[in-house]
Amino acid sequence: MRHRVVGRRLSVTPSHRKAILRNLAQSLIEHGQIKTTLPKAKELVRFIEPLITQARKGTLHARRLVISRLNDRFMTDPADRDMLADDTVVQKLFKEIGPHFKDRDGGYTRIIKTSQWRIGDAGDLVIVQLVGLGKVQAKAPAKKKAGKKKEEAPAA
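Residues numbered from 1 in each chain as written. Predicted model: local features only at pLDDT ≥ 70, side-chain atom pairs only at ≥ 80, totals over all residues. Heavy atoms only, no water.

A. Broad picture of the packing of aromatic side chains. Applying the stated criterion to the full structure yields one aromatic pair. Ring centres of F101 and Y108 lie 5.1 Å apart, and the angle between their planes is 50°; this geometry places the pair in the tilted category. Across this residue pair, the class does not change: F101 and Y108 are buried. Above the face of the F94 ring, R63 is positioned so that its terminal group lies 4.5 Å from the ring centre. (Phe/Tyr/Trp six-rings, centres within 6.5 Å; stacked < 30°, edge-to-face > 60°. Buried < 20%, exposed > 50% of the residue type's maximum accessible area, 1.4 Å probe, protein only. Lys NZ or Arg CZ within 6 Å of the ring centre and 35° of its normal.)

See the structure below:
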């Protein structure tokens with residue numbers, strides 16, 4: 001019986017599971033969207049939603065709670081992948097993501113199922129996004145109608 005047993009084991013030890021969730025959460029905060037397996041994605045949503053709720057508060061106590069759950073690391077510089085950026089993951093969470101979700105009462109993440117599988121074990125691959133921050137497919141540019149152009153008089 002599984003009475004009062006919460007969460008997925010993910011076939012790893014508790015310390016490894018904690019490390020996996022921390023790394024997935026840090027990558028999600030850093031990039032806005034990540035690709036992972038469905039069970040990991042569902043656990044990640046349970047892990048990161050309370051952290052974003054704490055970031056909405058923006059207090060020092062909330063920041064310390066997030067650091068204790070998440071640990072902190074420097075992000076990579078988008079311009080130069082070999083260098084580290086000045087901001088850390090927690091700073092980005094509190095500066096950008098928290099204020100972005102100020103008016104939203106939960107549901108900060110989205111899981112999009114893809115038609116891809118992992119080659120080794122055929123695990124379902126999904127995309128986890130932060131709502132409103134993830135990369136959205138751009139619409140095709142609207143085609144301009146070929147109309148008559150006004151001919152301007154040459155400047156004299």
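Read on for the rest.
B. Main features of the sheet that holds strand β5 (residues 124-130). Strands sit in the order β1-β5-β4 across an open sheet of three strands; the sheet is antiparallel. Both edges of this open sheet fall to β1 (33-37) and β4 (109-117), since each of them pairs with a single strand only. Between one strand axis and the next, the sheet turns through 25° on average, direction left out of account. In this structure, β4 lies alongside β5, joined through six bridges in antiparallel fashion. Residue pairing for β5: I112 is matched across the bridge by I127. (Pairing = 2+ DSSP bridges. Helix = DSSP H or I, 4+ residues; strand = E, 2+ residues; numbered from the N terminus. Axes fitted to C-alpha atoms, helices over the stretch in contact; angles between N-to-C directions.)

C. Main features of the packing of helix α1 (residues 14-31) against helix α2 (residues 38-57). Relative orientation of the contacting elements α1 and α2 amounts to 75°, with a least axis distance of 10 Å. For the element pair α1 / α2, the angle class is roughly perpendicular. In this structure, α1 contributes I20, L21, R22, L24, A25, L28 and I29 to the contact, and α2 contributes K40, E43, L44, F47 and I48. (Parallel < 35°, antiparallel > 145°, perpendicular 65-115°, else oblique. Contact = heavy atoms within 4.5 Å.)

D. Structural detail: the nonpolar core. Ranked by size, the top nonpolar core spans 30 residues in total, and within it I52, L70 and L93 carry the most contacts. Within the residue set of this core, elements represented by two or more residues are α1, α2, α3 (60-70), α4 (89-100) and β5. By residue number, the principal contributor to this core is α2, which donates eight residues. If sequence neighbours within four positions are ignored, I52 has contacts with L93, I97, F101, Y108 and L130. (Core = buried A, V, L, I, M, F, W, Y, C linked by side-chain atoms within 4.5 Å.)

E. Main features of the environment of R56. Its place among the elements puts R56 in helix α2. The spatial distance from the C-alpha of R56 to the C-alpha of I97 is 8.0 Å, given a sequence separation of 41 residues. Leaving out residues up to four positions away in the same chain, R56 has contacts with G98, F101, K102, R104, D105, G106 and Y108. Within the structure, the side chain of R56 is placed 3.2 Å from the backbone oxygen of F101, a separation counted as a polar contact. There is a polar contact of 2.9 Å between the side chain of R56 and the side chain of Y108. (Polar contact = N/O pair within 3.5 Å; in protein donor to acceptor, adjacent residues only side chain to side chain.)

By themselves, these observations are geometric and do not establish any function.
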